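Notes for the structure review
Take a look at the letters that make up each chain.
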Amino acid sequence: MASSPVARVTGRVAVPVLGLFWLAVTTVPFLFMVMTSFKSQQESFSSSVWALPEALDFVNYESVLNGPFLTYFKNSVMVVVISVVLIMLISAMAAFAFARMRFRFNEALFGLIVAGMIVPIHITLVPIYLMTRQMGLYDSQFALIGPYVATSLPISVFILTEFMRQIPKELEEAARLDGCGPFAIFFKVFLPLSGPGLSTIAIYNGIMLWNEFIFAYVLTSSTGTRTLPLAIWDYQGQYTSNIPAILTVVTLTSLPLVVAYAFGQEKIVKGMMAGSLKG
Amino acid sequence: MTSITLSGVNKSFGANFPVIRDVDLTIEDGEFCVFLGPSGCGKSTLLRMVAGLETGYSGQIRIGDRVVDKVEPADRQVAMVFQNYALYPHMSVYDNMAFGLRQAKTAKDEIDRRVKDAARILQIEPLLERMPRALSGGQRQRVAIGRAIVRQPKVFLFDEPLSNLDAALRVHMRSEIATLHRNFPAASMIYVTHDQTEAMALADKIVLLHAGKDMLKHGSIAQVGKPLDLYHRPRNLFVAGFLGSPTMNFLEATFVAQEPVGARVVLKSGEELTVPVDGSTLAAGAPVTLGVRPEHLSPVVGPAPQTLTRKVSAVEHFGEYSFVYLEGGTSAPLIAKVPGDGGVKAGDSATYAAPADCCHLFDADGIALNHI
């Protein structure tokens, strides 16, 4: 169906305008963050919010990197990597069972797990805190891994189940004829073919967990165990905040994600699209 | 022993959807058997039951001397070629072919030898390192066949393997499958298709299957036999109508009397014909159906016995032959397949001989009367 000239012109103008607007919405806070990270605390108060820094001063970076930032960074990397690997493995196995195996209550169990998406994590904080203390895991990196995996599973199982349902049944049957049992079918056929779905959940959960605050805040208390989102607390007193230092922490925290996106943009977008289309 | 025997096999999807009914069938050692039938007749289901991919049926399936109802697909010594090839997309051609052997813990040298032998037979040696996505449809099908060959199975199972290929490639691959059968004479083959040309060209034995109400009434198997037996001696109206293109002409008639040379019938249009069948069980006046294939109607000039005279409604020319459509006397037009341009045009009146030996007679239940 051909569109009218008015609609064509509107589309030609509206799409770039909306695109530029959205670019501004996402970029301006980022620019503000980076620019302020190069200002001294005094300059941040005295100059205009949008003024460029007087000099390219790395003093905030020096100060942050000489503090416990690298410990937080190491903790974040460890917690996120272990959690994401576990999420991928557990959700892939669950998805394979839901997508391919016939058993009683398959659909009911799938529904129950997916329903986990609607549970706000805040109402689970107190019970999880108590359980963590009872298990002797409080204030350790491992205290975070359990809740991170558990809260990420519903969406991950949902995405991967839908993805695996699209894999032709004949591949599974060919594998059975080739002598594969359920485990071999999963590890040798379904898991390698679920690459796009797995990268979708790895990217999605990686970003969510890298920025996760509330569990890290509740389940850890010491510098040696806390993760990056809590690093900003080191620069916030009861009555004052070192805004440039905080924004330096935030800049450094988001840097790995920005670098990952810059180098893997194509794969990330493809992964997200594959997941969305299959799902 | 690679014979396959199905005894009293029945299968339903759920309680109310029978799909296979009362199948008793033996496929002999080294035989090429084709399961043929319309959509929904259960031919693929039957094949999958032999493969071990369908469970929950009653009856018994034997491969050789062994009852395989409880045997895993991989242990049945069968190999299957799927309609959509089912190649593992993340593996190279070599790995696709070697996968089953690796699962069976076959020695590396032996795997390499078998894969390369199969690749040589199928002329896919240059493709061994390619991924399936880099292959054409025909090449993928060859790889799928190669994957079956390397397992050295006792039974090859083909589930509509050519239906995703274009017409020219289909003909080519059909001859390759026939060659494969000659190269592996000890292996039995079951081939599922809805294409009667493939069935007629390849089969030692055709199993024609009923669908729907016919299956419920008469069981799944409509007729089993050599291709030309089914073509020349169909057991009932369904078989007669399924094989042949264009389909057999059917004319409503009334049984008049049984004579030494056959049953004499009169058509609704008044012509009397004699069909060399035993109609002694019929009463005079019983309704019957006369069947005659379009290629068996031949033009004649002037009045003669055993002929049909009709007005020509249309003529389709195909160069080597023509289809002459004749109206009157039947609900569907009568078709004659004649050499050349047919020598007639629409509006002409034309007479065609229906040789007695080529005529078939079916009783009111659609069962063919035996030829004498």
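Residue numbering note: each chain is counted from 1, following its sequence as written. Throughout, the order in which chains and ligands are written sets their labels, letters from A for the former and numbers from 1 for the latter. In view of the model being predicted, local features appear only for residues whose pLDDT reaches at least 70, and side-chain atom pairs are presented and counted only at 80 or more, with totals across whole chains, interfaces and linings using the full set of residues.

Let's talk about the overall build of chain B
Heads up, the condition is: Each helix is a run of DSSP H or I of at least 4 residues and each strand a run of E of at least 2, with the numbering of both proceeding from the N terminus. Exposed residues have 12 or fewer other C-beta atoms within 10 Å of their own C-beta, buried residues have 20 or more, and partly exposed residues fall in between, where C-beta atoms are placed from the backbone. Contacts are defined on C-beta atoms placed from the backbone: any two residues whose C-beta positions lie within 7 Å are in contact.
Of regular secondary structure, chain B possesses 9 helices and 20 strands. Considered along the principal axes of its C-alpha atoms, chain B spans approximately 75 × 45 × 35 Å. Across the 372 residues in chain B, those meeting the buried criterion constitute 42%. Within chain B, counting contacts between residues at least 6 apart in sequence, those at least 24 apart form 66% of the total.

Let's talk about the environment of Leu128(B)
Residue and element names in this part refer to chain B. If you trace the backbone, Leu128 turns up in the loop between α3 (108–122) and α4 (137–150). Separated by 180 residues in the primary sequence, Leu128 and Leu308 have C-alpha atoms spaced 61 Å apart. Not counting residues up to four positions away in its chain, the partners in contact with Leu128 are Ser92, Val93, Tyr94 and Ala119.

Structural notes on the nonpolar core
Put simply, the test is: Defined on buried residues, the nonpolar core groups Ala, Val, Leu, Ile, Met, Phe, Trp, Tyr and Cys residues joined through C-beta atoms within 7 Å.
Membership of the largest hydrophobic core comes to 159 residues, with the highest contact counts inside it found for Val50(B), Leu157(B), Ile190(B), Leu290(B) and Leu361(B). In terms of residues, this core owes the most to one element, helix α7 (residues 141–165) of chain A, which gives 12 residues.

Details of the pairing of strand β6 (residues 78–81) of chain B
All names here are of chain B. As a reminder of what qualifies: We call two strands paired when DSSP finds no fewer than two bridges between them.
The alternating pattern of β6 places Val78 and Met80 on one face and Ala79 and Val81 on the opposite face, and all of these are buried. The sheet contact formed by β6 and strand β7 (residues 155–159) spans 4 bridges and is parallel. By the bridge assignment for β7, Ala79 is matched with Phe156.

Notes on the packing of helix α4 (residues 69–100) of chain A against α7(A)
Residues and elements named next belong to chain A. Heads up, the rule is: For helices, the axis comes from a line fit to the C-alpha atoms of the stretch in contact; other axes are also lines fit to C-alpha atoms, and the angle between any two N-to-C directions lies between 0 and 180 degrees. Two helices that cross are described as forming a left-handed crossing if the nearer one is turned anticlockwise from the farther one by less than a right angle, and a right-handed crossing if clockwise. Basically, the charged four are Asp, Glu, Lys and Arg, the nonpolar ten are Ala, Val, Leu, Ile, Met, Phe, Trp, Tyr, Cys and Pro, and anything else, Gly included, counts as polar.
Contact geometry for α4 and α7: axes closest at 6 Å, N-to-C directions at 35 degrees. Seen along the crossing, α4 lies across α7 with a hand that is right-handed. Among the residues making up the contact of α4 with α7, the classes are represented as 20 nonpolar, 7 polar and 2 charged.

Looking at the interface of chain A and chain B
Contacts between chain A and chain B engage 14 residues on the former and 16 residues on the latter. Secondary-structure elements contributing two or more residues to the side of chain A that touches chain B are α8 (169–177) and α9 (182–193) of chain A. It is α8(A) that provides the largest number of residues to the side of chain A that touches chain B, a total of 6 residues. Residues that form the side of chain A that touches chain B fall into these classes: 9 nonpolar, 1 polar and 4 charged.

A word on unusual backbone geometry
Residues and elements named next belong to chain B. Following Ser245, the chain continues to Pro246 via a peptide bond in cis, the omega torsion being 0 degrees. As for its placement among the helices and strands, Pro246 is situated in the loop between α9 (237–242) and β11 (249–259). One non-glycine residue, Ala86, lies in positive phi territory at about 55 degrees. Looking at the element boundaries, Ala86 is found in the loop between β6 and α2 (93–103). The class for Ala86 is buried, based on 24 C-beta atoms found within 10 Å.

Some words on the domain arrangement of chain A
All names here are of chain A. Under the convention used in this document: Domain start and end points were adopted from an automatic or database domain assignment.
Annotation of chain A at the domain level lists domain 1 (5–37) and domain 2 (64–278). Between domain 1 and domain 2, the residue contacts involve 4 residues of the former and 6 residues of the latter. Tallied by class, residues from the side of domain 1 that touches domain 2 come to 2 nonpolar, 2 polar and no charged.

Re the pairing of β11(B)
Residues and elements named next belong to chain B. In the sheet, β11 pairs with strand β14 (residues 287–292) via 6 bridges, with the strands oriented antiparallel. Looking at the pairing, Glu252 lines up with Thr289 of β14. Bridging between β11 and strand β12 (residues 262–267) involves 6 bridges; their strand directions are antiparallel. Opposite Phe255, over in β12, you have Val265 as the bridge partner. Where β11 folds back onto β12 in an antiparallel hairpin, the turn is made up of 2 residues.

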